[in-house]
Amino acid sequence: MKLLLHCLLFRGMDAGFAERRFGIGRFISVGLMLMLVLRAGAAVHPVPLDKNTDPKKCLECHDDKAKHKFVHSAMEMGCLSCHEIRVNKDVTRVKLITATPVALCISCHADKKAADIKGMVHPPAVRDCLTCHDPHSSDNKNQLVKAESGDEKENLCLGCHKTGLHVSEKGSRHAALDMGCDTCHLTHKTGAEPTAENRFHLTKPAPALCVDCHDPKDAELAKAHNNQPFGTANCVQCHDPHQSDSPKLMVKFQHAPFEGNGCDTCHQPAKDGKVVLVQADVKALCVTCHDDVAKQIDSAKVPHPGAAGDCTDCHNPHASSQPGLPKTDAVSICLGCHSDIDDLRKKSVHHQPAFAQGCSTCHTAHGGDNEHLVRVKGNGLCLECHGPDSAPQKDEANHLLTIFNGTVRLPDDYYVKNKVAILPLRYGLGHPVEGHPVSDVMDPTNQSKVKTPLSCLSCHQPHASAQPDLLVKDQVNNMAFCDNCHKNRLNMNETVVPGK
């Protein structure tokens, strides 16, 4: 508020008058608009100027704007290539030639326009270029406001990312962090394909990125990998590229033989630089320990075609950052085949398990007894997390929670971090309002007959929506949505089946 009063006084307005004139609510709104104006550089200029002032005159006061090591090339075009002088009576203002800084930047840097880029864009690049860049000059390349290396106070990236700052006593930290984030990352790199290279803005994909520093022919590295060929392996399937709670940057979840250094359980000594297994093929090797999974695949009432191939089509045999050892991640591993679900990524609101935690939260990956391979029929699937009787079991040793009788493992902070809504249901009633049913409504004259079919999917989409609350057909959460079933607002108990 003090800043607002100061700004108003600077503009020649009596603050008391402004508050009396507009009221406190409108006074604050005016203040917010004013601060946006100031953000764009449209405050009253301390020196009167003519609207046709020579841009060189700006440097008489603002010569510091071009004194740093890296100067924005636009400076050579003159100040009025980005700013304009507005004179109203005896008041001079200097403002940007566009409404927002980002609009100005993309007028030259069109390749950075987030709306036209396919793939994951670095969030600050979507909103405001000035979060990271000085528009005039800087001592850092690309006119960054801070360097991409150094400690938390000096490193631009560490203003948002806390990577490598908090490593456990028994953990490990990648030395490359001290070389600077730009050693491995290009902030604006992206692409349509959801590869790790594009999603994480890498300079190049692994292992090419890793072997720039870690020579596969190094004797110590070869010994650490039991002389197995690893030069073409994806290093980040086993190692976290930043930090780990385990030595040697090992990822959180490891295959038991690998974790126990029992490589000879699955491998013979390498021959001619190639991996040699102890069994004839991958699947024969896996079922020596996982015959229960093989039986599940073969006996499933609803088979999963993807499970019919080699286990390593989906799983990393050594380690993974996620439970179940998915070869990529727990979402992408499925969307590579299920392109129809992948298309739903374009919608703005995602169901967290579908596009973050992993498809196997709700579906059985190896085959099952239910349509669409869901773990439980009907509402039981949703109520496992959202029902009043939801009771995830704690696996304190591994810092996990388990649901669906221990078949699904979640991070121990999953419910809190994702603000999982627990519905106040009682006797199948209570959502979205008190007394509203969430399952089939039976005919009061014949309890064996369904009067109104109803389930969670009657109102909600399981994967994504263009609107909050994941309502069907991307509808907005309002009375118009309720009118699909409740045609008579004077009697909300009078309902119809949607579409009939």
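Structure's up top.
Residues numbered from 1 in each chain as written. Predicted model: local features only at pLDDT ≥ 70, side-chain atom pairs only at ≥ 80, totals over all residues. Heavy atoms only, no water.

1. Looking at the sheet that holds strand β14 (residues 408–411)
Then comes step 1: Reading across from one edge, β12-β13-β14 is the order of the three strands in this open sheet, with antiparallel pairing throughout. Only two strands of the sheet have a single neighbouring strand rather than two, namely β12 (393–395) and β14. Neighbouring strand axes in the sheet, compared pairwise and without regard to direction, differ in orientation by 35 degrees on average.
Then comes step 2: Two strands pair when backbone bridges link them, and β12 and strand β13 (residues 400–403) are joined in this way by three bridges, in the antiparallel orientation. Residue Q393 lies in a different strand from β13, and its bridge partner there is T402. (Pairing = 2+ DSSP bridges. Helix = DSSP H or I, 4+ residues; strand = E, 2+ residues; numbered from the N terminus. Axes fitted to C-alpha atoms, helices over the stretch in contact; angles between N-to-C directions.)

2. Observations concerning the pairing of β13
Then comes step 1: Here β13 shows no split at all, with L400 and T402 on one side and L401 and I403 on the other all buried.
Then comes step 2: Linking two consecutive strands that pair antiparallel, namely β12 and β13, is a turn of four residues; a positive phi of about 55 degrees is found at H399 within it.
Then comes step 3: Direction of pairing for β13 relative to β14: antiparallel, over a ladder of four bridges. Residue pairing in the sheet places L400 in a bridge with P411 of β14.
Then comes step 4: Hairpin connection of β13 to β14: four residues between the antiparallel strands, including F404 at a positive phi of 50 degrees. (Buried < 20%, exposed > 50% of the residue type's maximum accessible area, 1.4 Å probe, protein only.)

3. Points about unusual backbone geometry
Then comes step 1: Looking along the chain, the bond that leaves A206 and enters P207 is cis, with omega of 5 degrees.
Then comes step 2: Looking at the secondary structure, you find P207 in the loop between α6 (196–199) and α7 (219–224).
Then comes step 3: Note that the residue after H431, namely P432, is joined by a cis bond; omega there is 5 degrees.
Then comes step 4: Mapped onto the fold, P432 is located in the loop between α15 (414–417) and β15 (441–443).
Then comes step 5: Of note, N405 is a non-glycine position whose phi angle comes to about 55 degrees, a positive value.
Then comes step 6: When its relative accessible area of 82% is taken as the criterion, N405 is described as exposed.
Then comes step 7: Unlike most non-glycine residues, K419 shows phi in positive territory, near 50 degrees.
Then comes step 8: Within the secondary structure, K419 sits in the loop between α15 and β15.
Then comes step 9: When its relative accessible area of 74% is taken as the criterion, K419 is described as exposed.

4. Points about empty space enclosed by the protein
Then comes step 1: Tallying each qualifying case throughout the model produces one cavity of 30 Å³ or more.
Then comes step 2: What the largest cavity holds in volume is close to 30 Å³.
Then comes step 3: Surrounding the largest cavity, K112, I117, V121, H122, A125, H188 and T190 form its lining.
Then comes step 4: Among the residues forming the lining of the largest cavity, the class breakdown is three nonpolar, three polar and one charged. (1 Å grid on protein atoms, 1.4 Å probe; cavity = no way out; pocket = protein on both sides within 12 Å on 5 of 7 lines; lining within 4 Å. Points joined across faces, edges and corners; volume = space filled by probe spheres on them. Nonpolar A, V, L, I, M, F, W, Y, C, P; charged D, E, K, R; others polar.)

5. Overview of the packing of aromatic side chains
Then comes step 1: One pass over the full model with this rule turns up one aromatic pair.
Then comes step 2: A centroid spacing of 6.0 Å and a plane angle of 75 degrees characterise the contact between Y414 and Y415, whose relative ring orientation is edge-to-face. The same class applies to Y414 as to Y415, namely buried. (Phe/Tyr/Trp six-rings, centres within 6.5 Å; stacked < 30°, edge-to-face > 60°.)

6. Some points on the pairing of strand β9 (residues 274–277)
Then comes step 1: In this structure, strand β8 (residues 267–271) lies alongside β9, joined through three bridges in antiparallel fashion. In the strand pairing of β9, Q268 is matched with V276.
Then comes step 2: Count of turn residues in the β8/β9 antiparallel hairpin: two residues, of which D272 carries a positive phi of about 55 degrees.

7. So, the environment of S320
Then comes step 1: Along the chain, the position of S320 falls in strand β10 (residues 319–320).
Then comes step 2: In sequence terms S320 and K65 are 255 residues apart; their C-alpha atoms lie 48 Å from each other.
Then comes step 3: Those residues in contact with S320 that sit more than four places away from it in its chain are Q237, V251, K252, F253, L325 and P326.
Then comes step 4: Reaching out from S320, the side chain makes a polar contact with the backbone oxygen of P326 at a distance of 3.3 Å. (Contact = heavy atoms within 4.5 Å. Polar contact = N/O pair within 3.5 Å; in protein donor to acceptor, adjacent residues only side chain to side chain.)

8. Some details on the pattern of salt bridges
Then comes step 1: Inspection of the entire model under this criterion finds 14 salt bridges.
Then comes step 2: The closest approach of N and O atoms between K204 and D212, which form a salt bridge, is 3.1 Å.
Then comes step 3: The exposure class assigned to K204 is partly exposed, which follows from its relative accessible area of 30%.
Then comes step 4: Connected through shared salt-bridge partners, E84, R86 and K95 make up one network. (Salt bridge = Lys/Arg side-chain N within 4 Å of Asp/Glu carboxyl O.)

9. Here we look at the nonpolar core
Then comes step 1: Within the largest apolar cluster, twelve residues are counted, these being C362, V374, L381, C385, L401, I403, F404, V408, L410, Y414, Y415 and V420.
Then comes step 2: Secondary-structure elements contributing two or more residues to this core are α14 (380–386), β13, β14 and α15.
Then comes step 3: If we ignore the near neighbours within four places in the chain, the residues touching L401 are P392, Q393, K394, V408, R409, L410, P411, D412 and Y415.
Then comes step 4: Among the nonpolar cores identified, the runner-up in size contains six residues, and V331, L335, A354 and F355 belong to it. (Core = buried A, V, L, I, M, F, W, Y, C linked by side-chain atoms within 4.5 Å.)

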